[in-house]
Amino acid sequence: NIIHWLLRREIVDVIVHDISVVTLFLSSENVDKGDLVYIEVVVANEGTEDEVFNVITYYGEKIVGLKRDVLLEAGRNLTLTFTWDTADVSPGNYTIKAEASVVSGETDIEDNAKVYGMIKVNLKMPWWLMSSFWLILIGVIVFTFVFMFAIILDRRLSEKYEASSLSNSIRV
């Protein structure tokens with residue numbers, strides 16, 4: 001009976017739909033307002049079927065970018081790059097998140113998102129407030145005053161010398 005059962009056994013294909021956000025990487029964790037941040041997201045198709053899905057990246061609750069209709073073959077990984085322009089972002093700390101949409105028939109959805117932690121966006125100082133600007137400006141001012149003082153001192157000494165030479169020539 002057991003041999004008969006083994007011979008009649010049918011092979012059943014199990015179909016699995018499973019997309020995962022594997023890694024999330026930032027080009028920098030500390031940027032000035034106006035800088036570009038490159039966000040790399042590695043997604044994987046851990047299922048048995050080719051899948052089409054979307055990937056969204058966020059800073060806080062706001063969207064950085066969206067990649068639509070990403071096609072990924074079963075068992076493969078793909079790296080997606082998003083560019084975040086921080087020009088219109090208020091200075092502060094932000095959580096970065098990447099999220100892959102749930103595909104039809106997917107049951108393991110806990111790995112469809114990954115959070116990076118904090119990135120700090122700093123207020124970019126205007127060029128005229130930077131310390132190097134002030135050091136150069138102070139150096140130019142000091143140099144100018146020293147130069148002007150030397151010119152004035154030279155003229156006064158020249159006038160005294162000329163006056164004394166003139167008085168000596170009149171006495172003779």
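Here the structure is a predicted model, which means the values were calculated and not measured.

Basis of the calculations
Every chain is numbered on its own, with residues counted from 1 as its sequence reads. It should be noted that, the model being predicted, local features are given only for residues of pLDDT at least 70 and side-chain atom pairs only at 80 or more, the latter also being counted only at that level, while totals for whole chains, interfaces and linings use all residues. To obtain the side-chain values, all non-hydrogen atoms of the structure were included, while hydrogens and water were left out. Pairing of aromatic side chains here covers Phe, Tyr and the six-membered ring of Trp, requires ring centres within 6.5 Å, and sorts the geometry by plane angle: under 30 degrees stacked, over 60 edge-to-face, intermediate tilted. Put simply, DSSP H or I for four residues or longer makes a helix, DSSP E for two residues or longer makes a strand, and each gets a number counted from the N terminus. Each residue is assigned to one of three classes by its accessible area relative to the maximum for its type, calculated with a 1.4 Å probe on protein chains only: buried under 20%, partly exposed between the two thresholds, exposed over 50%. A ring has a charge above it when a Lys NZ or an Arg CZ is no more than 6 Å from the ring centre and no more than 35 degrees off the ring normal. The contact definition used throughout considers only heavy atoms, calling two residues in contact when any of these lie within 4.5 Å. When DSSP finds two or more bridges between two strands, those strands count as paired. An axis is simply a line fitted to the C-alpha atoms; with a helix, the fit covers only the stretch in contact. Between two such axes, the angle follows the N-to-C directions and lies from 0 to 180 degrees. For this document, the term salt bridge refers to a Lys or Arg side-chain nitrogen within 4 Å of an Asp or Glu carboxyl oxygen. Surface patches are defined over residues having more than 30% relative accessible area and no salt bridge, joining like charges when they lie within 9 Å and nonpolar side chains (Val, Leu, Ile, Met, Phe, Trp, Tyr) when within 5 Å. The protein chains shown are the only cover counted for residues, whose accessible areas, like all others here, come from Shrake-Rupley with a 1.4 Å probe. Only four residue types enter the charge count: Lys and Arg as positive, Asp and Glu as negative, with His and the chain ends excluded. The location of each charge is read from NZ of Lys, CZ of Arg, CG of Asp or CD of Glu. Nitrogen and oxygen atoms within 3.5 Å of one another constitute a polar contact, given that in protein one can donate a hydrogen and the other can accept it, and given that sequence-neighbouring residues count only through two side-chain atoms. By nonpolar core we mean a set of buried residues, namely Ala, Val, Leu, Ile, Met, Phe, Trp, Tyr and Cys, connected to one another through side-chain atoms within 4.5 Å.

**Student:** Quick question: what am I supposed to make of the packing of aromatic side chains here?
**Tutor:** Two measures describe an aromatic ring pair: the distance that separates the ring centres and the angle between the ring planes. Applying the stated rule across the entire model yields four aromatic pairs. Ring geometry for Y59 against Y94: centres 5.4 Å apart, planes inclined by 75 degrees, an arrangement best described as edge-to-face. Taken as a pair, Y59 in strand β4 (residues 51-59) and Y94 in strand β7 (residues 92-100) lie far apart in primary sequence, 35 residues in all. Among the residues examined, Y94 registers a relative accessible area of 17% and is labelled buried. Ring-pair connections join several aromatic residues into one group, and the members of that group are Y59, W84 and Y94. Cation over ring: K67 sits above F82, and NZ or CZ is 5.1 Å from the ring centre. We note K97 situated over the ring of Y58; from NZ or CZ to the ring centre the distance is 5.7 Å.

**Student:** I keep staring at the environment of E40 and nothing clicks. Help me out?
**Tutor:** Structurally, E40 can be placed in strand β3 (residues 36-45). Given the relative accessible area of 35%, E40 is considered partly exposed. Ignoring sequence-local partners within four residues, the contact set of E40 consists of T23, L24, F25, T79, L80 and T81.

**Student:** So what exactly am I meant to see when it comes to the sheet that holds strand β1 (residues 19-26) here?
**Tutor:** Sheet strands pair via backbone hydrogen bonds, and the direction of the pair is either parallel or antiparallel. Spatially, three strands are ordered β1-β3-β6 in an open sheet, and the strand pairing comes out antiparallel. The open sheet has two edge strands, β1 and β6 (77-85), and neither has a second partner. The sheet shows a mean angle of 25 degrees between the axes of neighbouring strands, taken without regard to direction. As defined by bridge partners, β1 adjoins β3 across seven bridges and the pair is classed as antiparallel. Counterpart to L26 in the pairing with β3 is I39.

**Student:** What's the story with the pattern of salt bridges in this structure? I'm lost.
**Tutor:** For side chains of opposite charge, pairing can occur when their charged atoms come near one another. A full pass over the atoms with the stated rule returns one salt bridge. Between K97 and E99 there is a salt bridge, with the nearest N and O atoms lying 3.2 Å from each other. Of the residues examined, K97 reaches a relative accessible area of 28% and is grouped as partly exposed.

**Student:** Please clarify how a negative patch on the surface should be interpreted in this entry.
**Tutor:** A cluster of acidic side chains, namely D13, E49, D50 and E73, defines a negative patch on the protein surface. Tracing the backbone shows E49 in the loop between β3 and β4.

**Student:** Help me out: how do you make sense of the side chain of N112 in this one?
**Tutor:** Relative to the helices and strands, N112 is located in the loop between β7 and β8 (113-122). At 3.4 Å, the side chain of N112 and the backbone oxygen of S101 are in polar contact. Those residues in contact with N112 that sit more than four places away from it in its chain are I19, V21, A98, E99, A100, S101, V102 and E106.

**Student:** Looking at this model, I keep getting lost on the nonpolar core. Mind explaining?
**Tutor:** Soluble globular proteins tend to pack their nonpolar side chains together in the buried interior. Counting 26 residues, the largest nonpolar core has I39, V41, F53 and W84 as its most contacted members. At the level of elements, β1, β3, β4, β5 (62-72), β6, β7 and β8 are the ones that each hand at least two residues to this core. Discounting residues that sit within four places of it in the chain, F53 has contacts with I19, V43, K67, R68, D69, V70, L72, A100, S101 and V103.

**Student:** Help me understand the pairing of β7, please; the structure alone is not making it clear to me.
**Tutor:** A regular strand places its side chains so that they alternate between the two faces of the sheet. Direction of pairing for β4 relative to β7: antiparallel, over a ladder of five bridges. Directly across from T57, in β7, lies its bridge partner A98. Direction of pairing for β7 relative to β8: antiparallel, over a ladder of eight bridges. The residue of β8 that forms the bridge with E99 is A113.

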